[in-house]
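Each chain, written out:
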Amino acid sequence: MDKAILLVEDNPDDEALTLRALKKNNIKNEVVIAHDGAEALDYLFGTGKYAGRNTDVLPQVVLLDLKLPKVEGLEVLRRVRADKRTKLLPVVILTSSNEEQDRIDGYGLGANSYVRKPVDFNQFIDAARHLGLYWLILNEPPPSRRS
Amino acid sequence: MPRITHRSITKKLTRMNMLVSGAALCIACVAFVAYDLVSFRQAMVYNLSIQAQMAGSNSVSPLLFNDPQAAENTLSALKAAPNVISAGIYTLDGRPFATYWRDRNGQGQMLPKVPATQTEAHWFKDGQLVLVRTIVFEGKPTGTVYIRSDLREMTHRLKRYAGIAAIVLSASLIAALLVASIFQRAVAEPIVHLAEIARTVSREKSYGMRATPTGKRDEPDILIGAFNEMLGQIQERDGALQQAHDELERRVEERTAQLAAANKELEAFSYSVSHDLRAPLRSIDGFSMALLEDYADRLDEEGKVHLQRIRAATQRMGMLIDDLLNLSRMTRAEIRKETVNLSSLARSVAEGLQEAQPERRIDFRIEDRLEATADPRLVRVVLENLLGNACKFTSKKTSACIEFGKTRQNGNSAYFVRDNGAGFDPAYANRLFGAFQRLHGATEFPGTGIGLATVQRIIHRHGGQIWAEGAVEKGATFYFNL
């Protein structure tokens, strides 16, 4: 069964464009969208809006934006890495910022990858393709807790 | 606190005292003694003359009556004068008539001649006084009296005077010493005290000390007063200096804090720019693209071209934002200087450039063993920009030749990057390094015009200069030093 992609993105335009890019690349995995950091954590840990969700089922990869309302991207990352259940979850930081400090913090907190969102949409589609190819097909995900 | 011994000033004072009193006394003594001796001599001569006269007049009769015995008796009366060594009466023709000797053993003697004009003559010879007198009776010379006296009394007198002088001199020298010791309290002590204080102050730099004034209102006191005043002034000035220094430090701290705050603000601004400005650009580009793709059949050529232009513009803005961010980062970045091997750095950059355009044959000529003291990351940016530009502007030439080396210009050494590409019109050379200034249209060569501005910023931060030479279609050379 295809695993889901968790896209954590607050900007509706970016959300639409990312979905479009994924579609253009024939990536048919389910895309779960969290519009802020709190929603992302709710989904991953089965709380709040997603209370009762089976938390053993985790997405194959998390595409995480950094600037999020309520709970910031890096804080989400920190919590994800701190919890036994989600410690090994692949997280790709997908953001506009190329500031050195963000990269330092991102990798420092245990992100698996850091991709800068290009302005040119063609490049964006390319980037989506590469991400899809790598994280969904080539990369071996960590074993799930019960499967 | 070790006392400076008073030797120098006090010694001088003592010596001075002793010299003065000694000299005065010596002169006085010598004068008195000399005068006394002279008068004593005169007295002696006078006495001897009287004795001669008396002996002479008493010897007239014995001479006339040829009675030597009587003459000798007269002469023997001279025994009463202990200074007379010998005496003699001589006849007119110089024969001894009668003699007297004080001491038993007598010697023969020559009767010295009395000069014709005088009745009497005397002279001092061999420590004796000799007196010769013509005996005159009724105006006619009858004989000669001869008396010889020793100078014992005079010598004795002289010795006594010497003794007294010695005692007086010693006494006065002792007095001089005493006076000096009193003087030193008044004169030397305040000066010595001042010297001590000055030495201590100078050695320990403790300008709070003061010398104690003597209160006597003489020159040493004036000196002490002035000295204390000067110390006071030094203290004041020190205090003011310290205050100014502290004030300056405080201000520097303030400025540094302000600078740090400004930098932080700039960082936050850059962060915001890099994030928030790009997101809408993405939307514009993305949805223009979406329009182009999804509604291609409902758009005519012109519509499609409009959308292409929209996309091109947004992408260009993206590049501009990136370049500006870079420039700002170069200005803010800390410079950490170390020894950088420019040759190997240039080669690495050149390799990267060649790899990015494998279809082109670019001839890189890089001088060996070029080193400089600079921040390696920033210098890499400089080389990437300059060599990258050279690559870009030689893209239309069939064979591109790019050199990097070191040369001498105007007597100073400078590094240079030379290419044989499109060059530039030297008339516009002053615009080369302005931000976003370009001397070529976007259609000729791509670029935002920020590369050289960035390079210039970096070179200036290293304290160096950058300038360029070139001609249209004849290539360009960029010189810089660090």
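These numbers were taken from a predicted model, which means no experiment stands behind them. (Residues numbered from 1 in each chain as written. Chains lettered and ligands numbered in written order. Predicted model: local features only at pLDDT ≥ 70, side-chain atom pairs only at ≥ 80, totals over all residues.)

Draft legend 1. Structural detail: the overall build of chain A. Of the regular secondary structure elements, chain A holds five helices and five strands. In chain A, buried positions account for 35% of the 147 residues. Within chain A, contacts between residues at least 6 apart in sequence are counted, and of these 69% link residues at least 24 apart. (Helix = DSSP H or I, 4+ residues; strand = E, 2+ residues; numbered from the N terminus. Buried ≥ 20, exposed ≤ 12 C-beta atoms within 10 Å, placed from the backbone. Contact = placed C-beta atoms within 7 Å.)

Draft legend 2. Geometry of the packing of helix α1 (residues 12-24) of chain A against helix α5 (residues 121-138) of chain A. All names here are of chain A. In the contact formed by α1 and α5, the axes pass within 9 Å of each other and the chain directions differ by 65°. In the crossing of α1 with α5, the sense of the turn from one axis to the other is right-handed. In this structure, α1 uses L17, T18, A21, L22 and K24 to contact α5, whose residues at the interface are F121, F124, I125, A128 and G132. Among the residues making up the contact of α1 with α5, the classes are represented as seven nonpolar, two polar and one charged. (Axes fitted to C-alpha atoms, helices over the stretch in contact; angles between N-to-C directions. Left-handed = near helix turned anticlockwise from the far one by under 90°. Nonpolar A, V, L, I, M, F, W, Y, C, P; charged D, E, K, R; others polar.)

Draft legend 3. Looking closely at the interface of chain A and chain B. In this complex, chain A contributes 15 residues to the contact, which on the side of chain B involves 15 residues. When residues of the side of chain A that touches chain B are traced back to their parent elements, those giving at least two are α1 and α5 of chain A. If one sorts the elements of the side of chain A that touches chain B by residue count, α1(A) sits on top with four residues. Partitioning the side of chain A that touches chain B into residue classes produces four nonpolar, four polar and seven charged.

Draft legend 4. The arrangement of the sheet that holds strand β12 (residues 476-480) of chain B in detail. All names here are of chain B. Spatially, the five strands line up as an open sheet ordered β7-β9-β10-β12-β11, and their pairing is mixed. Pairing within the sheet leaves two strands with one partner each, and these edge strands are β7 (362-366) and β11 (466-470). The average undirected angle you get between the axes of adjacent strands in this sheet is 20°. Set on the sheet, helix α7 (residues 342-356) makes contact with β7, β9 (400-409) and β10 (412-419); between it and β7 the angle comes to about 175°. Across the sheet, helix α8 (residues 376-393) lies against β7, β9, β10 and β12, angled at about 35° from β10, the strand it touches most. (Pairing = 2+ DSSP bridges.)

Draft legend 5. Just the environment of S57(B), in detail. Relative to the assigned elements, S57(B) resides in helix α1 (residues 7-64). For the pair formed by S57(B) and F137(B), sequence separation is 80 residues and the distance between their alpha carbons is 8.0 Å.

Draft legend 6. The arrangement of the nonpolar core in detail. One finds A346(B), V382(B), L383(B), L386(B) and L387(B) to be the most contacted residues of the largest nonpolar core, which totals 39 residues. The set of elements that each furnish at least two residues to this core consists of α7, α8, β9, β10, α9 (451-461) and β12 of chain B. When residues in this core are grouped by element, the largest group, ten residues, is from α8(B). Sequence-distant contacts of V382(B), that is, excluding residues within four places in its chain, are made with V455(B), I458(B) and I459(B). Core analysis: the next-biggest nonpolar cluster, separate from the first, contains 25 residues, V8(A), Y43(A), L58(A) and L74(A) among them. (Core = buried A, V, L, I, M, F, W, Y, C linked by C-beta atoms within 7 Å.)

Draft legend 7. How the structure looks around the packing of helix α5 (residues 219-294) of chain B against helix α6 (residues 301-332) of chain B. Residues and elements named next belong to chain B. Here α5 crosses α6 at 165°, and the two axes come no closer than 9 Å. Considered as vectors, α5 and α6 are oriented roughly antiparallel to each other. Crossing of α5 over α6 shows left-handed handedness. For the contact of α5 with α6, the residue count by class is 13 nonpolar, eight polar and five charged. (Parallel < 35°, antiparallel > 145°, perpendicular 65-115°, else oblique.)

Draft legend 8. Spotlight on unusual backbone geometry. For K70(A), which is not a glycine, the phi torsion comes out positive at approximately 65°. Inspection of the secondary structure assignment puts K70(A) in the loop between β3 (61-64) and α3 (73-82). Backbone geometry at K205(B) places phi at a positive 55°, although glycine is not the residue there. The exposed category is assigned to K205(B), around which 9 C-beta atoms lie within 10 Å.

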